[in-house]
Amino acid sequence: MSKQEILKKVQKTIDNKKINYIENSLKYLKYEEDGLIRDGTKKDLHLVSYYLDIESDNLILHTVFVDAKTNDLLYIITPHGYIEIED
């Protein structure tokens with residue numbers, strides 16, 4: 001998948017989860033080879049970030065982890081933990 005296709009897939013998922021985010025903040029961060037995921041295993045990953053659209057003095061960053069081999073969205077890292085992504 002191209003970076004644009006990954007961004008579209010992530011955008012569709014966070015829209016479906018009804019997460020309020022700043023649309024122009026959705027950005028492809030990087031490809032990470034052998035990145036460490038939550039369960040301690042290593043995977044090739046694409047990382048995508050966005051900021052929440054809430055009234056706050058600080059921007060709140062979320063990062064979506066995407067499996068680079070299967071293009072499945074794994075989960076979203078937040079400042080307070082993570083959000084599961086169910087199919």
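On a predicted model such as this, the values are computed, not experimentally measured, just so you know.

Rules behind the numbers
Residues numbered from 1 in each chain as written. Predicted model: local features only at pLDDT ≥ 70, side-chain atom pairs only at ≥ 80, totals over all residues. Heavy atoms only, no water. Helix = DSSP H or I, 4+ residues; strand = E, 2+ residues; numbered from the N terminus. Contact = heavy atoms within 4.5 Å. Pairing = 2+ DSSP bridges. Axes fitted to C-alpha atoms, helices over the stretch in contact; angles between N-to-C directions.

(A) Representation of the side chain of T78. With respect to the secondary-structure elements, T78 resides in strand β4 (residues 73-78). Beyond its immediate sequence surroundings of up to four residues, T78 is in contact with L61, H62 and I83.

(B) Highlighting the environment of L61. Structurally, L61 can be placed in strand β3 (residues 61-67). When the C-alpha positions of L61 and Y21 are compared, they lie 9.6 Å apart, and in sequence the two are 40 residues distant.

(C) Structural detail: the sheet that holds β3. With antiparallel pairing, five strands are arranged side by side in an open sheet as β1-β2-β3-β4-β5. Looking along the sheet, the strands with just one partner apiece sit at the ends: β1 (27-36) and β5 (81-84). Looking at each pair of strands side by side, their axes are set apart by 25° on average, direction ignored. Sheet topology places β4 next to β5; four bridges connect them, and they run antiparallel. Its bridge partner lying in β5, Y75 is registered against E84. Packing of helix α1 (residues 3-16) onto the sheet brings it into contact with β1, β2 (42-51), β3 and β4, and relative to β2 it is tilted by some 65°.

In short, the description is geometric, and any link to function would need to be established separately.
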